[in-house]
Amino acid sequence: MSALLAPVINMTTSAVIAAHTPSEVTAKGANINPFDGVKPDPSWLGDNFTTQWKIALGGVWFLFILGSAFFLLKAVSRLRHFKNAKNPQKAEAAKGEVIGTSLMTGGIIIVPAIFGFILNAVNG
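The present account deals with the structure reproduced in this document.

Quick notes on the rules
Residues numbered from 1 in each chain as written. Predicted model: local features only at pLDDT ≥ 70, side-chain atom pairs only at ≥ 80, totals over all residues. Heavy atoms only, no water. 1 Å grid on protein atoms, 1.4 Å probe; cavity = no way out; pocket = protein on both sides within 12 Å on 5 of 7 lines; lining within 4 Å. Points joined across faces, edges and corners; volume = space filled by probe spheres on them. Helix = DSSP H or I, 4+ residues; strand = E, 2+ residues; numbered from the N terminus. Nonpolar A, V, L, I, M, F, W, Y, C, P; charged D, E, K, R; others polar. Expected span 1.5 Å × (residues − 1). Bend = angle between axes of the 7 residues up to and from the residue. Buried < 20%, exposed > 50% of the residue type's maximum accessible area, 1.4 Å probe, protein only. Patch = residues over 30% accessible without salt bridge, like charges linked within 9 Å, V, L, I, M, F, W, Y side chains within 5 Å. Areas by Shrake-Rupley, 256 points an atom, 1.4 Å probe, with all protein chains shown as cover. Salt bridge = Lys/Arg side-chain N within 4 Å of Asp/Glu carboxyl O. Contact = heavy atoms within 4.5 Å.

**Comments concerning the layout of surface pockets**
Stage number 1. Its volume calculated, the largest pocket comes out at about 190 Å³.
Stage number 2. Lining the largest pocket, in full, are Trp53, Lys54, Leu57, Gly58, Trp61, Val111, Pro112 and Phe115.
Stage number 3. For the lining of the largest pocket, the secondary-structure elements that each account for two or more residues are helix 4 (47-84) and helix 5 (88-123).
Stage number 4. Counting residues per element, the lining of the largest pocket draws most heavily on helix 4, at 5 residues.
Stage number 5. Of the residues that constitute the lining of the largest pocket, the class distribution is 6 nonpolar, 1 polar and 1 charged.

This is how it looks when you write it as structure tokens:
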């Protein structure tokens, strides 16, 4: 088995780079950026695609908000149940669950604001 892997193990980094790099890039010192000036542009898919993906993304975001709200309500009801049952150990665990699901719900709701802030910061 090791005899089969010996050629692979003995390959040097420069041999791997030379085997997988175009000759003109290595000859010019690898300072060429083939993606210079290339930006993502979904307009070739049409205006209908642009509006549809925004609607789909909003729908998925809404489903995540509904799911997290469900888990938050479930955690709050468990906390209330354990407090009414005078079970402090389980109530403490349920309190931690309420805090966690609250953070999850808040995080899901604030994601678009964070995403918009990052896009504005990057685009100037």
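Now that the structure is up, let's keep going.
**Quick word on helix 5**
Stage number 1. The terminal C-alpha atoms of helix 5, which comprises 36 residues, lie 51 Å apart, in line with the 52 Å expected from a rise of 1.5 Å per residue.
Stage number 2. Most pronounced at Ile110, the bend in helix 5 amounts to some 45 degrees, and the proline Pro112 follows within four residues.
Stage number 3. Taken residue by residue, helix 5 has Ala91, Ala94, Val98, Thr101, Thr105 and Ile108 as its buried positions.

**So, a nonpolar patch on the surface**
Stage number 1. Taken together, the side chains of Trp44, Leu45, Phe49, Trp53 and Leu57 make up a nonpolar region of the molecular surface, amounting to roughly 570 Å² of accessible area.
Stage number 2. Mapping Leu57 onto the fold places it in helix 4.

**Quick look at the environment of Lys83**
Stage number 1. Tracing the backbone shows Lys83 in helix 4.
Stage number 2. Given the relative accessible area of 53%, Lys83 is considered exposed.

**A short note on the side chain of Ser68**
Stage number 1. With respect to the secondary-structure elements, Ser68 resides in helix 4.
Stage number 2. When neighbours within four sequence positions are excluded, Ser68 is seen to be in contact with Met104, Thr105 and Ile108.

**Digging into the pattern of salt bridges**
Stage number 1. Taken as a whole, this structure holds 1 salt bridge when the rule is applied.
Stage number 2. With its nearest N and O atoms 3.3 Å apart, the salt bridge here joins Glu97 to Arg78. Of this pair, Glu97 sits in helix 5 while Arg78 sits in helix 4, and the two are 19 residues apart along the sequence.
Stage number 3. What makes Glu97 partly exposed here is its relative accessible area of 28%.
Stage number 4. According to the relative accessible area criterion, Arg78 is partly exposed, its value standing at 36%.

**What to know about unusual backbone geometry**
Leave glycine aside and you will find that most residues have negative phi; peptide bonds, for their part, are mostly trans.
Stage number 1. Even without being a glycine, Lys86 presents a positive backbone phi close to 55 degrees.
Stage number 2. Take Lys86: it is sitting in the loop between helix 4 and helix 5.
Stage number 3. With relative accessibility at 71%, the residue Lys86 sits in the exposed group.

**Section: helix 4**
Stage number 1. When the terminal C-alpha atoms of helix 4 are compared, their 56 Å separation across 38 residues agrees well with the 56 Å that a helix rising 1.5 Å per residue should span.
Stage number 2. Listed in full, the buried residues belonging to helix 4 are Ser68, Ala75, Leu79 and Phe82.
Stage number 3. Contact partners of the buried residues in helix 4: helix 5.
Stage number 4. After helix 4 finishes, the residue Lys86 shows a positive phi value of roughly 55 degrees.

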